[in-house]
Number of protein chains: 2
Amino acid sequence: MDYNAKLDDALARLHEEGRYRTFIDIERKQGNYPHAVWTTPEGDQKNITVWCGNDYLGMGQHPVVLEAMHEALDATGAGSGGTRNISGTTVYHKRLEAELADLHGKEDALLFTSAYIANDATLSTLPRLFPGLIIYSDALNHASMIEGIRRNGGEKRIFKHNDLDDLRAKLAADDPAAPKLIAFESVYSMDGDFGPLKELCDIADEFGALTYCDEVHAVGMYGPRGGGIAERDGLLGRIDMFNGTLAKAFGVMGGYIAASAKLCDAVRSYAPGFIFTTSLPPAVAAGAAASVAHLKGDQDLRDQQQTQAKILKMRLRGLGLPIIDHGSHIVPLIVGDPVHTQKLSDMLLQDFGIYVQPINFPTVPRGTERLRFTPSPVHGPKEMDALVKALDGLWSHCALNRAELAG
Amino acid sequence: MDYNAKLDDALARLHEEGRYRTFIDIERKQGNYPHAVWTTPEGDQKNITVWCGNDYLGMGQHPVVLEAMHEALDATGAGSGGTRNISGTTVYHKRLEAELADLHGKEDALLFTSAYIANDATLSTLPRLFPGLIIYSDALNHASMIEGIRRNGGEKRIFKHNDLDDLRAKLAADDPAAPKLIAFESVYSMDGDFGPLKELCDIADEFGALTYCDEVHAVGMYGPRGGGIAERDGLLGRIDMFNGTLAKAFGVMGGYIAASAKLCDAVRSYAPGFIFTTSLPPAVAAGAAASVAHLKGDQDLRDQQQTQAKILKMRLRGLGLPIIDHGSHIVPLIVGDPVHTQKLSDMLLQDFGIYVQPINFPTVPRGTERLRFTPSPVHGPKEMDALVKALDGLWSHCALNRAELAG
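Residues numbered from 1 in each chain as written. Chains lettered and ligands numbered in written order. Predicted model: local features only at pLDDT ≥ 70, side-chain atom pairs only at ≥ 80, totals over all residues. Heavy atoms only, no water.

What about the packing of helix 6 (residues 164-172) of chain A against helix 7 (residues 197-207) of chain A?
Residues and elements named next belong to chain A. Let me state the cut-off plainly: Axis angles are defined between N-to-C directions and span 0 to 180 degrees, where every axis is a line fitted to C-alpha atoms and, for a helix, only to the segment in contact. Note on conventions: DSSP H or I runs of at least 4 residues are helices, E runs of at least 2 residues are strands, and numbering of each starts at the N terminus. Angular relationships are summarised with four words: roughly parallel below 35 degrees, roughly antiparallel beyond 145, roughly perpendicular across 65 to 115, and oblique for the angles in between. Each helix crossing is assigned a hand: it is left-handed if the near helix lies turned anticlockwise from the far helix by less than a right angle, otherwise right-handed if that turn is clockwise. Any pair of residues with heavy atoms lying within 4.5 Å of one another is described as a contacting pair. Amino acid classes used here: Ala, Val, Leu, Ile, Met, Phe, Trp, Tyr, Cys and Pro are nonpolar; Asp, Glu, Lys and Arg are charged; the rest, including Gly, are polar.
Close contact between helix 6 and helix 7 brings their axes to 11 Å; oriented N to C, the two are set at 15 degrees. When the axis of helix 6 is compared with that of helix 7, the two are roughly parallel. In this structure, helix 6 meets helix 7 at a crossing whose hand is right-handed. The segment helix 6 lies against helix 7, with L164, L167, R168, L171 and A172 engaging E199, L200, I203, E206 and F207. For the contact of helix 6 with helix 7, a count of residues per class yields seven nonpolar, no polar and three charged.

In structure tokens, the structure reads:
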């Protein structure tokens, strides 16, 4: 058996499709974000502006966050030293869970090392808690939800993206007595469109189903306290489980679910992905808690981010560039081909010092490869001007289509 | 459908078996570990000594680690702001991966948010890289390996723990042309016994199989540079893939694999659990890199830890307490019943300020419930005296068996 030949095959497939990924090495300069330093493959250093980060509000460099992390490092050290059960539960973890439960109007919350593992571990454990559970999953749900739903071979139905009729038909076709769960996102990050949360809750009520809402791209950024789309729309009480991240708008790391005390207790007690892993470092938990608490009161930052997104979309649309606009903070610009997308990204980086990573399959469907911009309150008018001009020039230079590719 | 009643059922099962877990809130005092403060459920604070942590060498409070973390926080901020592909690769991540590749004598390494997800993501991706792969897995492999091997329904064979004949029989029964992988650990953490690494490599050669070795409980602690059991035994070149953690002996957080450049590249490119998750915070990567680099040169700390473990085992054995001793740094004391184990743990904590969490099913098989001590260089003679006396007294008080329960 020639194992290396098999690896060559697997890697060659990616190169042939033009979707082999190269990571670029960057170093953010604290206090200076979105500016960063790029270390090129040749070892040179160049100044760049990051336009594709998920630190949507710049909280990763906010003084309250950094101060909390420094303090916790000094007070308690680097790592937690254990799983949550075996010496790894600290007052920092408990405080953060209380902060998150409050954010989502739930009795409790449960921390994981990432929102990926929070989705995966929770969704794969629910069928053990509710034997016979059928999970109805939106077709565009994140990879981590798909992995969790698939994992234990439980019953699942995939309904067309945001298609309430399809969902209703699938629910109606199943045994009315079976336990059911509808799983969806509030903001789908690659197109930036919203899930129809209220209607999904109505259907869940109609069929006696639980609701599971991934608010990863909304927490911190929507709702009067940053509780997400469900808070904005007055639906906190109608959704049974929230999934969220501490690594995007909150600027740190980690993920969680928020739900009833009983549900959190059961997931805590049954999910291998929770039980058998070292808990977050106390400093990370402290920084995240400070960020969540701060954003409960900083509506201004949320408003600034929405404004920046609106301006960028207006300017790109004015130039006829094929953006997708569903009214969220995410600005996807469709290129539609993995090789072109990579080339554009390379030219932006090398010629303009603008860093936006190409997004290709499997993150988005083939044929919808794109650049995805994440404007934030820390991107000023100068940075935005430079981006818009560079894109306008490259679009002409490369003779790319305008407008008609947009969704 | 009464969902709450189902949750009640699930939780009642745990209570009935006496294995419902209660996390205790502790706060380590940096510079003062293993001493910590316990916040009781009533909100009181009590001084305790931690005897069950996985910060085996006290690196979680080592100045080189903390300094590196403070520096990175100041230089670059809190979170990485993205997945590895989308703005989340920094010079800190690259440096740490280079440090780990060097530690294991491999061409490359790949970081994950935990060793759990490193195992799960890698083992579930290998069948995609090597179609038809059969994985031969030791019966006592960690939950994260089991989850990864199970995930995609690939072919698997479970061989009896450390049983080379059983493994050979299972290999011989399969198609000689099929790609094969043998997955095992170097130190099994619940009994503290070693895997027969050399013999496993010999068998792998004989059958043309790849080898995957989880060194989570050995990295930093065995081998002249802390490269683990494989380094100690001169087997680095014979094992194809290592899994390790940054959260135990290295004192911080995160996990990784180390392997050939090609294999790391393929896992990097194909594993959803790697692709779709925010990378480690730069400060965590910086602290871990400092710890790995430091331990490459600090044999003294490794020696101290082994000495502490030997002393504790000798003293407990002298009192006839049923410890398991396979010559590793882990000291399991078998109680054999979940309710007794919990009670002993509660008494140690409340009456003696000694914190050792009960270990029960599913972490260990039913009937082998235990207390598991992790002596370290920071546990001094005074702490050890207090522990040994408390255990001796409680063993008599509770009329527990001595010796005959030991493995």
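Examining the nonpolar core
Applicable threshold: What is meant by a nonpolar core is a set of buried Ala, Val, Leu, Ile, Met, Phe, Trp, Tyr and Cys residues, joined one to another through side-chain atoms within 4.5 Å. The rule is simple: take the accessible area with a 1.4 Å probe, protein chains only, and divide by the maximum for that residue type; under 20% is buried, over 50% is exposed, in between is partly exposed.
Ranked by internal contacts, the top residues of the largest apolar core, which has 127 residues, are L100(A), I182(A), L246(A), L100(B), I182(B) and L246(B). Sort the elements by how many residues they give to this core and helix 11 (residues 282-296) of chain A lands first, with nine residues. Once residues lying within four places of it in the same chain are set aside, the contact partners of L246(B) are L96(B), L100(B), L111(B), G251(B), V252(B), M253(B), G254(B), G255(B), Y256(B), A288(B) and V292(B). Membership of the second largest hydrophobic core comes to 74 residues, among which are A10(A), F130(A), L133(A) and I117(B).

Focus: the packing of aromatic side chains
Formally: Two rings from Phe, Tyr or Trp (for Trp, the six-membered ring) form a pair when their centres are within 6.5 Å of each other. A pair whose planes differ by under 30 degrees is stacked, one over 60 is edge-to-face, and the rest are tilted. Working rule: Lys NZ or Arg CZ, within 6 Å of ring centre, within 35 degrees of ring normal, means a charge sits over the ring.
In total, this model carries eight aromatic pairs over all chains according to the counting rule given. Ring geometry for F112(A) against F274(A): centres 5.5 Å apart, planes inclined by 70 degrees, an arrangement best described as edge-to-face. Taken together, the residues span a long stretch of sequence, with F112(A) in strand 4 (residues 108-112) and F274(A) in helix 10 (residues 272-275) at a distance of 162 residues. Using a relative accessible area of 4% as the deciding quantity, one classes F112(A) as buried. Seen in terms of ring centroids, F194(A) and Y222(A) are 5.9 Å apart; in terms of plane orientation they differ by 90 degrees. Their pairing is edge-to-face. With a gap of 28 residues between them, F194(A) in strand 9 (residues 193-194) and Y222(A) in the loop between strand 10 (210-214) and helix 8 (229-232) connect regions that are remote in the sequence. An aromatic cluster of at least three residues, connected via ring pairs, comprises F23(A), F112(B) and F274(B). In this arrangement the basic side chain of R28(A) is found over the ring face of Y33(A), its NZ or CZ atom lying 3.6 Å from the centre.

Here's the deal with the pattern of salt bridges
In plain terms, the rule: A pair is scored as a salt bridge if a Lys or Arg side-chain nitrogen falls within 4 Å of a carboxyl oxygen belonging to Asp or Glu.
Using the criterion set out here, one finds 52 salt bridges over all chains in the structure. Linking D102(B) and K296(B) is a salt bridge whose minimum nitrogen-to-oxygen distance equals 2.6 Å. You can see D102(B) sitting in helix 3 (residues 91-103) and its partner K296(B) sitting in the loop between helix 11 (282-295) and helix 12 (299-318), a full 194 residues away along the chain. Using a relative accessible area of 37% as the deciding quantity, one classes D102(B) as partly exposed. For K296(B), a relative accessible area of 12% translates into the label buried. The structure contains a network of salt bridges with shared partners spanning D120(A), E147(A), R150(A), R151(A), D120(B), E147(B), R150(B) and R151(B).

Focus: unusual backbone geometry
Here the amide bond leading from Y33(A) into P34(A) is cis, since omega sits at 20 degrees, within 30 degrees of zero. Of note, P34(A) is situated in the loop between strand 1 (25-28) and strand 2 (35-39). Residue F361(B) is joined to P362(B) through a cis peptide bond whose omega torsion reads 10 degrees. Locating P362(B) in the fold gives a position in the loop between strand 15 (358-359) and strand 16 (370-373). Residues other than glycine seldom take positive phi values, yet N162(A) does so here, at roughly 55 degrees. Tracing the chain through its elements places N162(A) in the loop between strand 6 (155-159) and helix 6. Judged by relative accessible area, N162(A) falls into the partly exposed class, the value being 23%. You will see that S87(B), though not glycine, has its phi angle at about 75 degrees, which is positive.

Digging into the side chain of T341(A)
Residue and element names in this part refer to chain A. Note on placement: T341 falls in helix 13 (residues 338-352). Owing to a relative accessible area of 1%, T341 belongs among the buried residues under this scheme. Setting aside its immediate chain neighbours within four residues, T341 contacts V335, G336, P358, I359, E369, R370 and L371.

Digging into the sheet that holds strand 4 of chain A
All names here are of chain A. To keep things clear, this is the line we draw: Strand pairing requires that DSSP identify at least two bridges connecting the strands.
Strands sit in the order 4-12-11-10-7-5-6 across an open sheet of seven strands; the sheet is mixed. Each edge of the open sheet is held by one strand with a lone partner, namely strand 4 and strand 6. Averaged over neighbouring strand pairs, the angle between their axes works out to 20 degrees when direction is ignored. When strand 4 meets strand 12 (residues 255-259), the two strands line up antiparallel, connected through five bridges.

Describing the relation of the copies chain B and chain A
The pair of chain copies shares a relation made of a rotation about an axis and a shift along it. Stated precisely, the cut-off is as follows: Copy-to-copy alignment: least squares on C-alpha atoms, limited to residues at pLDDT 70 or above in both.
For these two chains of identical sequence, chain B goes onto chain A by a turn of 180 degrees and a shift of 0.0 Å along the axis, with RMSD 0.0 Å. The superposition operator between the copies reduces to a two-fold rotation axis. Residue R151(B) of chain B places its C-alpha closer to the rotation axis than any other residue of that unit, at 2.8 Å. Same-surface contact between copies: 100% of interface residues of chain B are shared with the interface of chain A.

A look at helix 4 (residues 115-129) of chain A
Selection criterion: Every helix has an expected span of 1.5 Å times one less than the residues it contains. Whenever two N or O atoms come within 3.5 Å, that pair is a polar contact, provided that in protein one can donate a hydrogen and the other can accept it, and provided that, for residues adjacent in sequence, both atoms are side-chain atoms.
When the terminal C-alpha atoms of helix 4 of chain A are compared, their 20 Å separation across 15 residues agrees well with the 21 Å that a helix rising 1.5 Å per residue should span. Between a side-chain oxygen at the N-terminus of helix 4 of chain A and the backbone nitrogen of Y116(A) the separation is 3.4 Å; the capping residue is S114(A).

Here we look at the sheet that holds strand 1 (residues 25-28) of chain B
Here four strands make up an open sheet; going across it, the order is 1-2-3-14 (chain B) and the pairing mixed. Both outer strands of the open sheet, strand 1 and strand 14 (354-355) of chain B, are each paired with one neighbouring strand and no more. Here five bridges tie strand 2 (residues 35-39) of chain B to strand 3 (residues 45-50) of chain B, and the two strands are oriented antiparallel to one another. Each bridged residue has a counterpart across the sheet, and for V37(B) the counterpart in strand 3 of chain B is N47(B). Seen against the sheet, helix 3 (residues 91-103) of chain A touches strand 1 and strand 2 of chain B and runs at an angle of roughly 125 degrees to strand 1 of chain B.

What to know about the interface of chain B and chain A
What counts here: By buried area we mean the combined loss of accessible area, with a 1.4 Å probe, across both parts when two parts are placed together.
Facing the 98 residues of chain B at the interface are 98 residues of chain A. Roughly 8800 Å² of surface becomes buried between chain B and chain A when both sides are summed, with 59% attributable to carbon and sulfur atoms. Applying the counting criterion to the chain B and chain A interface returns six salt bridges. Among the salt bridges present, the one from R151(B) reaches D120(A), with a minimum N-O distance of 2.6 Å. Joining chain B to chain A, the criterion identifies 45 residue pairs in polar contact (both at pLDDT 80 or more). Among the elements that line the side of chain B that touches chain A, the one with the most residues is helix 1 (residues 3-16) of chain B, at nine residues. Here the residues of the side of chain B that touches chain A sort into 49 nonpolar, 28 polar and 21 charged.

Some thoughts on the pairing of strand 16 (residues 370-373) of chain A
All names here are of chain A. Here strand 16 shows two buried faces, one formed by R370 and R372 and the other by L371 and F373. Note that strand 13 (residues 331-334) and strand 16 share four bridges and pair antiparallel. Residue P332 lies in a different strand from strand 16, and its bridge partner there is R372. Sheet topology places strand 15 (residues 358-359) next to strand 16; two bridges connect them, and they run antiparallel. Bridge pairing in strand 16 places I359 opposite R370.

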